[in-house]
Amino acid sequence: MTRVGPVKSVVFIVLVCAMLIIYVYNTHVQTARQPAIRPWQNDLKSGEIVKGTADENDKSVPKAHNEIEKRILKIIDNIKLEEGSMTDNQKELKINNNVVVKSLACDSSMSRLKVIFRDILTTGRTLTIGVIGGSISAGGGLSHWNKVYIYGVAESLRRMLGSPVNVSNGAVGGMGSRDSLVCLHTLINVSQVDILFMEFAYNDFYTIFGGSGEESLTRYIMKRYQAQILYLNFIHGHMILRHSCDLKEESRSKPLCKYYDVPSISLAHALCPLIKTDKADDLWSHSDRKKHPSEKAHRIATLFILQQLKKTLLEVAEGILKVNNANKVDGGDRKSVV
């Protein structure tokens, strides 16, 4: 038997290892050099040309954009339909356009709300609205809790957005803004709220404490959360009894509105002519000796609020479409909003 020397054995092993290394290297390099196969290319034969290039067939991102645009166009249609319902309600409540305009006692940029609506329109996430306040927002004097203005607002927004709207009611009878600040995290999860109504009525404006707590509460929320705050000022029993429009909000919430850029909606400011002419008796609940506003007053509050929210929602929706359409005209050079 011929014996293989140790030197020849070592050479043989080295050659085998070298050939193995070269084979593995070539295999991986050739694989790496091959273009990635996308799902729509699986049925293509080598070198075959089919209708539609890679960029035309890979429409995952444009398709997403198209879906968003369709959703926004549908929402704009919904807003137009809801405007008709709001007009009917306005006629039924015998509220003219001048009264609606006067209901916005203090305007704001709605900058936070615009960011919120833009996010909701482009992502399709659920909107959440909330309220902190006293017995009026808790349903005092009403036949059912769902007659409170915030639930009417939620239902209208649901129709406009075409999706559910969550409601978080943290109002408690007798609660003022000072109390709400102390108990805020027990009453409501502000971090989950997009639009927050603050309504403290008699509990703030006609007590020895005044409305100083409203400033502290506003500042606390503005610094820590992204919610859009809206002040809501209702009418009060003594106004109707005295036929007087004692607008404490002029010296309380109005300065805060200007400083913190928070809109203020006021039933008292808008309905003062009715109060002074003794035509506001149906705005006060008779079931609890006129301690709280009536269902009609809550419907009017809903109408006033929706006028501002609808206007902002429509502005944001049309703004998104305008930017995207301009982007298409420019050949996609500019960044799309959606």
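Thresholds applied
Residues numbered from 1 in each chain as written. Predicted model: local features only at pLDDT ≥ 70, side-chain atom pairs only at ≥ 80, totals over all residues. Heavy atoms only, no water. Disulfide = S-S within 2.5 Å. Helix = DSSP H or I, 4+ residues; strand = E, 2+ residues; numbered from the N terminus. Buried < 20%, exposed > 50% of the residue type's maximum accessible area, 1.4 Å probe, protein only. Pairing = 2+ DSSP bridges. Axes fitted to C-alpha atoms, helices over the stretch in contact; angles between N-to-C directions. Contact = heavy atoms within 4.5 Å. Salt bridge = Lys/Arg side-chain N within 4 Å of Asp/Glu carboxyl O. Polar contact = N/O pair within 3.5 Å; in protein donor to acceptor, adjacent residues only side chain to side chain.

1. Quick look at the state of the cysteines
Overall, the coordinates contain 1 disulfide when judged by the stated rule. In this model, Cys106 is linked to Cys257 through a disulfide, with the two sulfur atoms separated by 1.9 Å. The S-S bond linking Cys106 to Cys257 shows a torsion near -90°; that makes this disulfide left-handed. Note that Cys106 is positioned in strand β1 (residues 104–106) and Cys257 in helix α13 (residues 253–260), a separation of 151 residues in sequence. You can call Cys257 buried: its relative accessible area is 1%.

2. Things to note about the sheet that holds strand β3 (residues 165–169)
A sheet is described by the order of its strands in space; here 6 strands give the open sequence β1-β6-β5-β4-β2-β3, paired in mixed fashion. Edge positions in the sheet fall to β1 and β3, since each of these pairs with one other strand and no more. Direction aside, the axes of adjacent strands within the sheet are offset by 25° on average. Note: strand β4 (residues 195–199) against strand β5 (residues 228–233), 4 bridges, orientation parallel. Paired with Phe197 across the two strands is Leu230, which belongs to β5. Where helix α5 (residues 111–123) meets the sheet, its contacts fall on β2 (127–133), β4 and β5, and the angle it forms with β5 comes to roughly 120°.

3. Examining the pattern of salt bridges
One pass over the full model with this rule turns up 12 salt bridges. For Glu92, the salt bridge is made with Arg299, and the minimal N-O distance between the two is 3.4 Å. You can see Glu92 sitting in helix α3 (residues 60–92) and its partner Arg299 sitting in helix α15 (residues 295–329), a full 207 residues away along the chain. Judged by its relative accessible area of 54%, Glu92 is exposed.

4. Concerning the pairing of β4
Burial analysis of β4 places 5 of its 5 residues in the buried class, the great majority of the element. Burial along β4 is two-sided: the residues Ile195, Phe197 and Glu199 and Leu196 and Met198 are all buried. Here β2 runs beside β4; their pairing, made up of 5 bridges, is parallel. By the bridge assignment for β4, Ile132 is matched with Met198.

5. Regarding helix α14 (residues 267–276)
Residues Leu267, Ala268, Ala270, Leu271, Cys272 and Ile275 constitute the buried set of α14. Taking the backbone nitrogen of Ala268 as reference, a side-chain oxygen 3.4 Å away marks Ser266 as the first, capping residue of α14. A positive phi of about 60° marks Asp278, the residue just after α14.

Honestly, it's all geometry; don't read function into it.
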